[in-house]
Amino acid sequence: MNIRLDNIKNFKDVLMNTELFIDEVKFELDSEGMRFRGLDKSHVSFISVIIDSDYFTDFNIDVPCSCICDTNELVKVLKRAKNDDKLLLSFDDTDLELQFINGNVRRKFKIRQVDMVYDSPDKPQIRFPETFEVSIKQFIESIKDAELYSDKVKLQTNDNQFSIISDGDLGDYKSNLELSENVRDCSSVFSLEWLKKIFKTNIGGDVKISMGDNMPLFLEFDDKLGLRAEFLLAPRIENDYE
């Protein structure tokens, strides 16, 4: 096995954010790349990360393999990595090894694998009525605004508008993001806490959104270089916005 990555920033950021969703991560590797999937304990959110082999500086895998490690332990190590470090990744039957190289300094960390049976959950197959893209930066700012009045937010589409709405005892908020094409009317309510966690995965300029009436929310982040992070978030069942 020979895996090397010279530009680690987005890779590091995505993996560090995983701690907010799952306690263990199972890396699955084959000739096409690296991937992992997980479902949080409350079954509110599903996460899937796909990293194409071409994303890495070197990626040589002899046979398909997998590695399970504690997410918290992984994040501890990743926090010690600098954005201009180069990464060498490998594992054996007992350890996941990460080497960070910067100039003439090489730092080696070994994380014990978790001895457990772990079957990665399948990605739920859902047909969504609408799919569109919006600016990640604008979405994040709207979430910060909406949080002033409530802990939940209504996401709504109408004509060529995507609206983010919050309503509380002391006030209310609404932002409209213009879309490039018309979409059907639909709306669902979601937890702001979970949306904030998801949008810590800030890669790429836009996020692809799939949604429908009182349906889960599907969000896809893509840095256009071979790294993708997908999230499925269950709706909150609310009548407050009717």
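Right, let's walk through the structure included here. (Residues numbered from 1 in each chain as written. Predicted model: local features only at pLDDT ≥ 70, side-chain atom pairs only at ≥ 80, totals over all residues. Heavy atoms only, no water.)

**Some points on the sheet that holds strand β1 (residues 2-5)**
Keep this limit in mind: Pairing between strands is defined by DSSP: at least two bridges between the two strands are required. Under the scheme used here, helices are H or I runs from DSSP no shorter than 4 residues and strands are E runs no shorter than 2 residues, and both carry numbers assigned from the N terminus. Here the axes come from fitting lines to C-alpha atoms, over the contacting stretch only for helices, and the angles between their N-to-C directions go from 0 to 180 degrees.
The strand order across the open sheet built from 5 strands is β5-β1-β7-β8-β9, with neighbouring strands paired in antiparallel fashion. Two strands lie at the open edges of the sheet, namely β5 (58-60) and β9 (105-112), each paired on one side alone. Pairwise comparison of adjacent strand axes, ignoring direction, gives a mean angle of 20° for this sheet. Direction of pairing for strand β7 (residues 86-91) relative to strand β8 (residues 95-102): antiparallel, over a ladder of 6 bridges. Bridging across to β8, S90 finds its partner in E97.

**Some points on empty space enclosed by the protein**
Leftover empty space is mapped by rolling, across the atoms, a probe with the size of a water molecule. Quick reminder of the rule: For each structure, a 1 Å grid was placed over the protein atoms alone; sets of points admitting a 1.4 Å probe that cannot get out are labelled cavities, open sets with protein on both sides within 12 Å along at least five of seven lines are labelled pockets, and lining residues have an atom within 4 Å of a point. Grid points are joined across faces, edges and corners, and a volume is the space filled by probe spheres set on the points.
Using the criterion set out here, one finds 1 cavity of 30 Å³ or more in the structure. Looking at the largest cavity, its volume works out to about 70 Å³. Taken together, F11, L15, F27, L29, M34, L74, L89, F91, L96 and L98 make up the lining of the largest cavity. Elements represented by at least two residues in the lining of the largest cavity include exactly α1 (9-17), β2 (24-30), β7 and β8.

**A look at the pattern of salt bridges**
Note the following rule: Here, a salt bridge means any Lys or Arg side-chain nitrogen found within 4 Å of an Asp or Glu carboxyl oxygen.
In the structure shown here, the tally under the stated rule is 16 salt bridges. Between K144 and E141 there is a salt bridge whose closest N-O contact spans 3.7 Å. Here the residue K144 and the residue E141 both occupy positions in helix α3 (residues 136-146), the gap between them amounting to 3 residues, near one helical turn.

**Digging into the packing of aromatic side chains**
Applied cut-off: Side-chain rings of Phe, Tyr and Trp, where Trp is taken by its six-membered ring, are said to pair if the distance between their centres is within 6.5 Å; with planes under 30 degrees apart they count as stacked, over 60 as edge-to-face, and otherwise as tilted. Classification of residues uses two cut-offs on accessible area relative to the type maximum, computed with a 1.4 Å probe and protein chains only: under 20% is buried, over 50% is exposed, and between them is partly exposed.
Evaluated as defined, the whole model comprises 13 aromatic pairs. Ring centres 5.8 Å apart and planes at 65° place the aromatic pair F100 and F109 in the edge-to-face group. Of the residues examined, F100 reaches a relative accessible area of 1% and is grouped as buried. Summarising the aromatic geometry, the rings of F199 and F221 are spaced 5.3 Å apart at their centres and angled 75° between planes, so their arrangement reads as edge-to-face. With a gap of 22 residues between them, F199 in the loop between α4 (192-198) and β13 (206-211) and F221 in strand β14 (residues 217-222) connect regions that are remote in the sequence. This pair shows no difference in class: F199 is buried, exactly as F221 is. Cluster of aromatic residues (ring-pair linked, three or more members): F21, F132, F139, F162, W194, F199, F221 and F231.

**So, the sheet that holds strand β6 (residues 65-70)**
Keep this limit in mind: Residues are treated as being in contact if the distance between any of their heavy atoms lies within 4.5 Å.
What the 8 strands build is an open sheet, ordered β6-β2-β3-β4-β15-β14-β13-β10; its pairing is antiparallel. Each having just a single partner strand, β6 and β10 (130-135) make up the two edges of the open sheet. For this sheet, the mean angle separating the axes of adjacent strands, direction not counted, is 20°. The pairing of β10 with β13 spans 6 bridges and is antiparallel. Looking at β13, one finds that V134 is bridged to V207. Along the sheet face, α3 touches β10, β13 and β14 and points at about 85° away from the line of β10.

**Quick look at unusual backbone geometry**
Not every positive phi belongs to a glycine, and H43 is a case in point at roughly 60°. Checked against the element boundaries, H43 lands in the loop between β3 (33-39) and β4 (45-52). Of note, D159 is a non-glycine position whose phi angle comes to about 55°, a positive value. Mapped onto the fold, D159 is located in strand β11 (residues 152-168). Overall, the relative accessible area of 46% leaves D159 in the partly exposed class.

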